[in-house]
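# Survey of secondary and tertiary structure
One-letter residues, chain by chain:
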Amino acid sequence: MAAPAPKQEELQPHAVRDQLPAISYCLTSPPPWPEAILLGFQHYLVMLGTTVIIPTALVPQMGGGNEEKARVIQTLLFVAGINTLLQSFLGTRLPAVIGGSYTFVAPTISIILAGRYNGIADPHEKFVRIMRGTQGALIVASTLQIIMGFSGLWRIVVRLLSPLSAAPLVALVGFGLYELGFPSVAKCVEIGLPQIILLVALSQYIPNLVPLLGTAFERFAIIMSVALVWLYAFFLTVGGAYKNAAPKTQFHCRTDRSGLVGGAPWISVPYPFQWGAPTFDAGEAFAMMAASFVALVESTGAFIAVSRYASATPCPPSVMSRGIGWQGVGILLDGLFGTANGSSVSVENAGLLGLTRVGSRRVVQISAGFMIFFSILGKFGAVFASIPGPIVAAIYCLLFAYVGMAGVGFLQFCNLNSFRTKFILGFSVFMGLSVPQYFNEYTSVAGYGPVHTHARWFNDMINVVFSSKAFVGGAVAYLLDNTLHRHDSTARKDRGHHFWDRFRSFRTDPRSEEFYSLPFNLNKFFPSF
């Protein structure tokens, strides 16, 4: 008699995890000092991209030259270091880098185009006057996040966030920045594409091929790849590869076209009101306040991604609200020092936590030290800041993807067989991509946004809000998730809310004290709920 066929092993689903077990160093476990310092320098290199790109785009429109551009970059870097330290010590205490934000670019351009600056003939005087107007708008806009955060109002909003509504928000914080990736790589594909290939090879393939050195390649892939491709770009430049190229090609490809090294001072310490006393305009302040609210929502998604890649428990709502309050203080410092730009959580640095699998708080604090140090030593900092843009964009292709996947990872808590889940997830992601695409296409063709009334400040407010993919997608998901069959017990389970119940309060999970409590026993004076 034939033996019975062996019983096929029943497939078991992967366990749902509220923390990532494969992280090498979590939030509270720092790596050895030499490794931590090198990782901190890598975070500094990554955040330089946004720090350089935004002033490079804005300062010439303001009337400034290379000297003004170098000083603005220096100031933005200095304030970013201070804000990162404040956030890691007193805010959420997550390893989040707080740097320049693209969200504030649109209202800043609106200030640049204001009619009252048209009659100023001297470019430097025009630059200073526009900078003062930007400072005033940022100072007023900072009050929104300060009030929302420290009053606890944002805590109420975050308490209603479920894994289902968090997934589109966090995913679009990363994936929504796709236009800053390969389109910028293609501006000089001969250095951008090798950077992508080399970075993927060093971080993903070589660790498996060379196990003894695998950890080093995995954690320091960005430093290695940037050094090699930057050197390659330098040889192309000095070898005359771009001698007869178009001016735009030379600007993106050459390693000597940034003008930062020549314009930067050897030693300079940024200080408040260095451009003069801020000026205030009500309409511009309202437009900047709209950008501040969008940055608040986007930073909430980025904080959630950072907590994930730091292998910490989901950030309690009271801690999230506290972090938003300190981010508002950061925008206030931007206005006082004159950075021409507001602050938010650096998405690329959040992705770097996933790439390196090191979510240590100490590493990010060390990177803040590098920001402050190289902002004071202007010439040395300008050397690193002159890395060609396509190399930076190639890095973005990986790091933004990591943040986007942090959002997708929250779907493990949800029932993807539920048609309610399918509708909310699909509709919110689609609208989050489609609505901003319409606003951006309309603006690029017409020169102004779809909302075009006689009140310029109102136009800016609406156009800024609906141009953010993360804001639109997150808002749609949040609204639908909290109104559609909300009291249905099945829907509550399908949206994954029951997995996050124990994190709704600071005291209900003992790990909250380990990850998020304030230093120096400050919790007695600033309790979390």
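Read on for a plain summary of the structure. (Residues numbered from 1 in each chain as written. Predicted model: local features only at pLDDT ≥ 70, side-chain atom pairs only at ≥ 80, totals over all residues. Heavy atoms only, no water.)

### Thoughts on the packing of helix H1 (residues 33-62) against helix H18 (residues 389-409)
The geometry of H1 relative to H18 is characterised by a closest axis approach of 10 Å and an angle of 120° between their N-to-C directions. Looking at the two axes, H1 sits oblique to H18. Pair H1 / H18 crosses with left-handed handedness. Each of Val46, Gly49, Thr50 and Ile53 in H1 lies in contact with H18, whose residues at this interface are Val392, Tyr396 and Leu399. Of the residues in the contact of H1 with H18, the class split is five nonpolar, two polar and no charged. (Axes fitted to C-alpha atoms, helices over the stretch in contact; angles between N-to-C directions. Helix = DSSP H or I, 4+ residues; strand = E, 2+ residues; numbered from the N terminus. Parallel < 35°, antiparallel > 145°, perpendicular 65-115°, else oblique. Left-handed = near helix turned anticlockwise from the far one by under 90°. Contact = heavy atoms within 4.5 Å. Nonpolar A, V, L, I, M, F, W, Y, C, P; charged D, E, K, R; others polar.)

### So, the state of the cysteines
Within the structure shown, the criterion is met by one disulfide. With its sulfur 2.0 Å from that of its partner, Cys188 forms a disulfide with Cys253. On the S-S bond that ties Cys188 to Cys253, the torsion sits near 125°, and the link is right-handed. Taken together, the residues Cys188 in the loop between helix H7 (182-185) and helix H8 (189-209) and Cys253 in helix H11 (residues 247-253) connect sequence positions 65 residues apart. Cys253 shares its class with Cys188; the two are buried. Unpaired in terms of disulfides, Cys26 finds its nearest cysteine sulfur in Cys315, a separation of 15 Å. On the basis of relative accessible area, Cys315 is assigned to the buried category, the value being 7%. (Disulfide = S-S within 2.5 Å. Buried < 20%, exposed > 50% of the residue type's maximum accessible area, 1.4 Å probe, protein only.)

### Brief notes about a nonpolar patch on the surface
Judged by side-chain polarity, Tyr205, Leu209, Val210, Leu212 and Leu213 come together as a nonpolar surface patch covering roughly 610 Å² of accessible area. Position of Leu209 relative to the elements: it lies in helix H8. For Leu209, a relative accessible area of 68% corresponds to the exposed category. (Patch = residues over 30% accessible without salt bridge, like charges linked within 9 Å, V, L, I, M, F, W, Y side chains within 5 Å. Areas by Shrake-Rupley, 256 points an atom, 1.4 Å probe, with all protein chains shown as cover. Salt bridge = Lys/Arg side-chain N within 4 Å of Asp/Glu carboxyl O.)

### Points about helix H19 (residues 419-446)
If you check H19, its first and last C-alpha atoms are 39 Å apart, about what 28 residues at 1.5 Å a residue would give, namely 40 Å. When we look at burial in H19, the residues that qualify are Arg420, Thr421, Ile424, Leu425, Ser428, Gly432, Val435, Pro436 and Phe439. In this structure, the buried residues of H19 make contact with helix H6 (163-175), helix H20 (456-465), helix H21 (469-481) and helix H22 (489-494). The opening residue of H19 is Ser418, an N-cap whose side-chain oxygen sits 3.2 Å from the backbone nitrogen of Arg420. Looking at the residues trailing H19, positive phi occurs at Gly447, about 90°. (Expected span 1.5 Å × (residues − 1). Polar contact = N/O pair within 3.5 Å; in protein donor to acceptor, adjacent residues only side chain to side chain.)

### Some points on the environment of Ser468
Within the fold, Ser468 resides in the loop between H20 and H21. Spatially, the C-alpha atoms of Ser468 and Ile196 are 26 Å apart, while their sequence positions differ by 272 residues. Each residue touching Ser468, except ones within four places of it in the same chain, is listed here: Val294, Glu298 and Pro436.

### Regarding the packing of aromatic side chains
In the structure shown here, the tally under the stated rule is 30 aromatic pairs. Their ring planes at 90° and their centres at 5.8 Å tell us that Phe150 and Trp326 sit as a pair that is edge-to-face. In this pair, Phe150 is assigned in helix H4 (residues 123-150) and Trp326 in helix H14 (residues 317-337), connecting sequence segments 176 residues apart. Judged by its relative accessible area of 23%, Trp326 falls in the partly exposed class. (Phe/Tyr/Trp six-rings, centres within 6.5 Å; stacked < 30°, edge-to-face > 60°.)

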